[in-house]
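# Understanding the architecture of this molecule
Given next are the chains, with one letter for each unit.
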Amino acid sequence: MRDLVVAGGGPVGLATALYAARAGLDVVVREPRAGPIDKACGEGLMPGAVVALAELGVVPAGHPIVGIRYVDGSSRAEAPFRCGIGLGVRRTALHATMLDAVSRAGITVTGPEVRQIRHRSDHILVDDEPARYLVAADGLHSRIRGLVGLDAPAAGDRRRRYGLRRHANLAPWTDFVEVHWSAIGEAYVTPVSGDQVGVALLTAQRRGFDDLIGQFPAVADRLAGRDLTRVRGAGPLRQRVHGRVCGRVLLVGDAAGYVDALTGEGIALGLAQARAAVAAVAADDPHRYDTQARRLGRRHTALTVGLLVATRPTALRRRLVPAARWLPGVFGAVVDQLARPA
Ligand SMILES: Cc1cc2nc3c(=O)[nH]c(=O)nc-3n(C[C@H](O)[C@H](O)[C@H](O)COP(=O)(O)OP(=O)(O)OC[C@H]3O[C@@H](n4cnc5c(N)ncnc54)[C@H](O)[C@@H]3O)c2cc1C
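### Describing empty space enclosed by the protein
Under the counting rule described, the total for this entry stands at three cavities of 30 Å³ or more. Taken as a whole, the largest cavity spans an internal volume of roughly 60 Å³. Lining of the largest cavity is provided by Met46, Ile68, Tyr70, Val179, Tyr188, Leu262, Thr263, Phe331, Val335 and Leu338. Elements with a contribution of two residues or more to the lining of the largest cavity: strand E5 (67–72) and helix H10 (328–339). Considering every element that reaches the lining of the largest cavity, the biggest residue donor is H10, with three residues. When grouped by side-chain class, the residues that make up the lining of the largest cavity number nine nonpolar, one polar and no charged. Cys41, Glu43, Gly44, Leu45, Val89, Arg91, Leu94 and Ile267 together form the lining of the second largest cavity. At the level of elements, strand E3 (44–45) and helix H3 (91–104) are the ones that each hand at least two residues to the lining of the second largest cavity.

### Quick notes on a nonpolar patch on the surface
Taken together, Trp326, Leu327, Val330 and Val334 make up a surface patch of nonpolar side chains, about 430 Å² in accessible area. Along the chain, Leu327 turns up in the loop between helix H9 (314–326) and H10.

### Things to note about the site of the ligand
What surrounds the ligand is a group of 34 residues, the closest being Glu31, Gly42, Gly44, Arg91 and Asp254. Within the contact set of the ligand, a nitrogen atom lies 2.7 Å away from a backbone nitrogen or oxygen of Gly42. Contacts to the ligand include Glu43, whose backbone N or O atom sits 3.3 Å from an oxygen atom. Surface burial for the ligand is 93%, taken as the share of its 1000 Å² of free accessible area covered by protein chains. Going through the elements one at a time, helix H1 (11–22) and helix H7 (266–282) are the ones with two or more residues in the shell around the ligand. It is H1 that contributes the most residues to the shell around the ligand, three residues altogether. Here the residues of the shell around the ligand are counted per class, giving 14 nonpolar, ten polar and ten charged.

Rules used throughout
- Residues numbered from 1 in each chain as written.
- Predicted model: local features only at pLDDT ≥ 70, side-chain atom pairs only at ≥ 80, totals over all residues.
- Heavy atoms only, no water.
- 1 Å grid on protein atoms, 1.4 Å probe; cavity = no way out; pocket = protein on both sides within 12 Å on 5 of 7 lines; lining within 4 Å.
- Points joined across faces, edges and corners; volume = space filled by probe spheres on them.
- Helix = DSSP H or I, 4+ residues; strand = E, 2+ residues; numbered from the N terminus.
- Nonpolar A, V, L, I, M, F, W, Y, C, P; charged D, E, K, R; others polar.
- Patch = residues over 30% accessible without salt bridge, like charges linked within 9 Å, V, L, I, M, F, W, Y side chains within 5 Å.
- Areas by Shrake-Rupley, 256 points an atom, 1.4 Å probe, with all protein chains shown as cover.
- Salt bridge = Lys/Arg side-chain N within 4 Å of Asp/Glu carboxyl O.
- Near = heavy atom within 4 Å.
- Polar contact = N/O pair within 3.5 Å; in protein donor to acceptor, adjacent residues only side chain to side chain.

These results come straight from atomic positions and should not be treated as a statement about function.
Printed below as a string of C-alpha cells:
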C-alpha cells in the first residue's frame, strides 16, 4: 500500500510530493490536467516562497521583485523587502520547473481526478486505490474538502471577491510589485520577465477586465495598444473551512481555505502547509497538522482580513496610501511580515 496520494498537481500538490519523497514516503500525484498548467494568479513569489522552492530544487526563471509599492492617483508608498528578494514568475514557468523537479525525484503524476474517498480504520481508499493518507491540494473549489465535510458556509454575496489576470508585452518600469487602489478594488502589476508584466484585478464587481481596467487609469494607460494575453479568472476567493484534517485526509494550499489574494502570499503559505502536512504523515500523527496549519495561517489571515475590512469603506480606502506613506515604519513592518517564510 502506498504511503500517500496527493490529489492536485498545482504548486502546492507538487511541493507536497517533493517533501514526501524527501521524507522517504512512497507518493503519487493525481492531477487530471497535463502541464504546464496556467491559472489566474498575481505571480509574485514572496522571498520566503523563493527560499522554500530553492530548498526543493525548484529555481524558476522570472523577474526579481524588491518590494511592494501602493499607488492611488498621485499618492504612492513603497516598502522594500528586508529579508531577501522575491520573484515574479509566469505560472506556466513555475509549474514547468516544478514538474521537472518532480520527474527528477521519480514521482509519478497521473490522472484522472480523484472522485471518491472511503475511510477505513488503518488506510483510505482513493477511487479504490488503498493508501495510508490522502493530501488534498485540489485548489480553491476543492471537491475533496466537500467530500470529507470540511467546507464551511461561504461569505455573503456582496462581499465575494474575484480575480482576473492578463499579461502585457511590456518592459517592467519597476522592480516593485505595484498595487493600484481604486474604489472598486485593486490592480496588481507584477514584472514576470524583461519584456512582460502581469496585471491581476481583485474586485467584488462581476464585470469584464476591459471594463474594470478603466478604474485604474495609470495601469490602463500603460496597457493601451499592447498585446494582451487572454483573461483568466478565479473566485469567489473567500473559502472557509471547519478544519484541515478529517481522518486520514489532510487539506493543503487553497483547498485548506482561502481569504483573498490581496496580500499575495498564497504560495508561500501553501508551501509551509505542504511541509507540515508531510511531517505529520511521516509521524503518523495527522491531527498535529490541524494545529500547525491553524498557526501557519494565523498571520496571513489576520493581515489579509484586517486590510480587507479596513479598506471596505470608500473614505478609508482613499486614505490608505497616504497613511502608508506617512507611516513608513508600519507599512514596512507589514510588508516584512508578508515577505518572511511562513
Ligand atoms: C487573482 C489571484 C492572484 C494571486 N496572486 C498571488 C501572488 O501574487 N502570489 C501568491 O503566492 N499567490 C497568489 N495567489 C494565490 C495562488 O494562486 C494560490 O494560492 C496557489 O495557486 C495555490 O496552489 P494550489 O496548488 O493549492 O492550487 P491550484 O494551483 O489551484 O492547483 C490545484 C490543482 O488541483 C487539480 N484538481 C482539482 N480537482 C482535483 C481532483 N478532484 N483530483 C485531482 N486533482 C484535482 C487542478 O487541476 C489543479 O491543477 C493569487 C490568486 C488569485 C486568484
